[in-house]
Amino acid sequence: LRDEYVPFTVGLSNSDIVIAGRIHELIPSKALEAVGLTRGQDFDTPPKSLKQGDIRIHNQSLKAQLATEVKSLAARERFKRGLEEIKGLKVGLGFFNDPTEFTADGTSSLINQGVLAVYIPAQTLQALSSTLKSFLNSNQRPFFRPLSQYPQDMYSFAKAGNLP
């Protein structure tokens, strides 16, 4: 993927625009296209003013949407706040590299807000405590999931209306 983003990052860098967040939003979008979802039909990027996350997955038959809040390397409060603002079905995704940012209380809070899953790098997921790894969402499915599972889960939502 890096080669595709070099012209994009250079162009934005020359404009003094912060690029990390935009790149981290493009990566999952490319992954969605790679599993066969179509931008504009199965998913889109809503305007920031709507507060519906960074990527929205559409299930046409159920007329349902699942919002994804994307963050880069650190969750901090921005991640929690972004998820709180989203009404309806939602998941979080981040390239988080510090497993200590996640706590049992914070995870319980996310689940209570209706967050269905949080997708993180496999290495970060492996470093979570066994307690955190055992958290289940409201559907009794694993709450923390590897980033690599995101595209297939979103495909499942777009086509069947649920997360596996």
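Residues numbered from 1 in each chain as written. Predicted model: local features only at pLDDT ≥ 70, side-chain atom pairs only at ≥ 80, totals over all residues. Heavy atoms only, no water.

Trainee: Quick question: what am I supposed to make of helix α4 (residues 104-112) here?
Mentor: For an α-helix, 3.6 residues make a turn, and residues three or four places apart therefore share a direction. Listed in full, the buried residues belonging to α4 are T107, L110 and I111. The arc that holds the buried residues of α4, viewed along the axis, is 100°, so those residues lie on one side. Every exposed residue of α4 that faces more than 90 degrees away from the buried side is listed here: D105 and N112. Contacts from the buried residues of α4 go to α3 (76-85), β5 (115-120), α6 (130-133) and β6 (144-146). Just downstream of α4, G114 is the residue with a positive phi angle, here 95°. (Buried < 20%, exposed > 50% of the residue type's maximum accessible area, 1.4 Å probe, protein only. Helix = DSSP H or I, 4+ residues; strand = E, 2+ residues; numbered from the N terminus. Arc of directions from axis to C-beta. Contact = heavy atoms within 4.5 Å.)

Trainee: Help me understand the packing of aromatic side chains in this model?
Mentor: Each aromatic ring pair is specified by the distance between its two centres and by the angle formed by the two planes. Taken as a whole and assessed by the stated rule, the structure comprises five aromatic pairs. Look at F79 and F96: their rings are 5.0 Å apart centre to centre, the planes differ by 75°, and that puts the pair in the edge-to-face class. Of this pair, F79 sits in helix α3 while F96 sits in the loop between β4 (89-94) and α4; the two residues are 17 residues apart in sequence, bridging distant segments of the chain. Just as F79 is buried, F96 falls in that class too. Ring centres 5.1 Å apart and planes at 85° place the aromatic pair F143 and F144 in the edge-to-face group. Across the pair, F144 and F143 agree in class, each one buried. One aromatic cluster is present, formed by F79, F96, F102, F143 and F144 through successive ring pairs. (Phe/Tyr/Trp six-rings, centres within 6.5 Å; stacked < 30°, edge-to-face > 60°.)

Trainee: For this particular structure, what's the right way to read the pairing of strand β3 (residues 64-71)?
Mentor: When you tally the buried positions in β3, you get seven out of eight residues, the bulk of the element. Here strand β2 (residues 55-59) runs beside β3; their pairing, made up of five bridges, is antiparallel. Within the sheet, the bridge partner assigned to N59 lies in β3 and is A64. The turn joining β2 and β3, which pair antiparallel and follow one another in sequence, is formed by four residues; a positive phi near 55° is taken by K63. In this fold, β3 hands off to α3, which returns the chain to β4; that crossover is right-handed. (Pairing = 2+ DSSP bridges. Right-handed = clockwise from strand over helix to strand, strands pointing away.)

Trainee: Hey, could you run me through the pattern of salt bridges in this one?
Mentor: Any two side chains of opposite charge can pair, given that their charged atoms come close. Enumeration over the complete set of coordinates arrives at seven salt bridges. Here K48 ties to D54 by a salt bridge, and the two come within 2.5 Å at their closest N and O atoms. Assessed through its relative accessible area of 6%, D54 is described here as buried. Among the salt bridges present, the one from K71 reaches E69, with a minimum N-O distance of 2.7 Å. Accessibility assignment for this pair places K71 and E69 in one class, buried. (Salt bridge = Lys/Arg side-chain N within 4 Å of Asp/Glu carboxyl O.)

Trainee: What is the right way to read the pairing of β2 from this model?
Mentor: Each regular strand shows side chains that alternate between the opposite faces of the sheet. For β2, a buried count of five out of five residues is recorded, marking the element as mostly surrounded by other parts of the structure. As paired strands, strand β1 (residues 43-44) and β2 are joined by two bridges and run antiparallel to one another. Along β2, the bridge assignment pairs F43 with I57.

Trainee: Can you walk me through the nonpolar core in this structure?
Mentor: Here is a general trend for soluble globular proteins: nonpolar side chains tend to be buried in one another's company. Counting 20 residues, the largest nonpolar core has I57, V91, Y119, Y150 and M154 as the members making the most contacts within it. Only β2, β3, β4, β5 and α7 (150-160) provide two or more residues apiece to this core. Among the elements that line this core, the one with the most residues is α7, at four residues. Formed by 18 residues, the second largest nonpolar core is a distinct cluster that contains L83, I86, V118 and L128. (Core = buried A, V, L, I, M, F, W, Y, C linked by side-chain atoms within 4.5 Å.)

Geometry only, nothing functional implied.
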